[in-house]
Amino acid sequence: MNVPSPIIEKAKKIKLLLLDVDGVMTNNFLYYSDSGEELKSFYTRDGHGMVMLQKSSVEIGIITGRKSQLVANRMRDLKVKHLYQGVPDKLPTFLQLMETLDIGFDEVAYIGDDILDLPILTRVGLSATPADGDPEVKSRVDHISSFNGGQGCVREMCELIMKAQDTWQGHMDFYLRESL
């Protein structure tokens, strides 16, 4: 991953990574069973990236417009503390979370894929969108992922932050030691 140095400098300051769900953590498709049950597909490498990032002392939060028990279950599995679902206007929730955590705009990264994410994307220290993000969003973010939503864009951002903050090698050392 060849990332420009201004992005690396922004990533060094990040204390909180915020994510949208549909189109970022998932492939932007909604699946329904015959009984009306909603189904989503999550990329496991994104999840492991989130686990490693949290172990690197960067918090993770989710702000999503939809509400789903499936998302709550996945975030519980990943030990994500900050989960806000059913939030059509994300900005007030974002501002409240920043106040609660006592962090500044430059200490937050956000990955969003659609225009409803712009109020947050245009305020944070490091903004990103998946490769298949909306063109209006792509024209306004710091970083466009090499990966589509639900296919590695979250993992890429987690690794970018860890590498910028010099915590990535510790994870690599752990896994290499465990493989011996």
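Worth saying up front: this structure is predicted, and the values here are computed from it rather than measured.

**A word on the nonpolar core**
The biggest cluster of nonpolar side chains holds 33 residues, and the ones touching the most others in it are Leu 17, Leu 19, Met 25, Met 50, Val 154 and Ile 161. Counting only elements with at least two residues in this core, the list comes to α1 (5-12), β1 (16-19), α2 (44-55), β4 (59-63), α3 (69-77), β6 (108-111), β7 (126-129) and α7 (153-164). When residues of this core are assigned to their parent elements, the largest contribution, eight residues, is made by α7. Contacts of Val 154, omitting those with residues within four sequence positions, involve Leu 19, Val 24, Met 25, Asp 46, Met 50 and Ile 111. Listed in part, the 17 residues of the second largest apolar core include Ile 63, Leu 91, Phe 94 and Tyr 110.

**Focus: the pattern of salt bridges**
Within the structure shown, the criterion is met by 12 salt bridges. Of the charged contacts, one joins Glu 9 and Lys 12 as a salt bridge, the two residues approaching to 3.1 Å between their closest N and O atoms. One end of the pair, Glu 9, and the other, Lys 12, are both in helix α1, three residues apart, so they sit about a helical turn from each other. Residue classification places Glu 9 among the partly exposed positions, given a relative accessible area of 43%. For Asp 22, the salt bridge goes to Lys 40, with nearest N and O atoms at 2.5 Å. Placement of Asp 22 in the loop between β1 and β2 (31-32) and of Lys 40 in the loop between β3 (38-39) and α2 is noted, with a sequence separation of 18 residues between them. Take Asp 22 and Lys 40: they sit in the same class, and that class is buried.

Calculation criteria
- Residues numbered from 1 in each chain as written.
- Predicted model: local features only at pLDDT ≥ 70, side-chain atom pairs only at ≥ 80, totals over all residues.
- Heavy atoms only, no water.
- Core = buried A, V, L, I, M, F, W, Y, C linked by side-chain atoms within 4.5 Å.
- Buried < 20%, exposed > 50% of the residue type's maximum accessible area, 1.4 Å probe, protein only.
- Helix = DSSP H or I, 4+ residues; strand = E, 2+ residues; numbered from the N terminus.
- Contact = heavy atoms within 4.5 Å.
- Salt bridge = Lys/Arg side-chain N within 4 Å of Asp/Glu carboxyl O.

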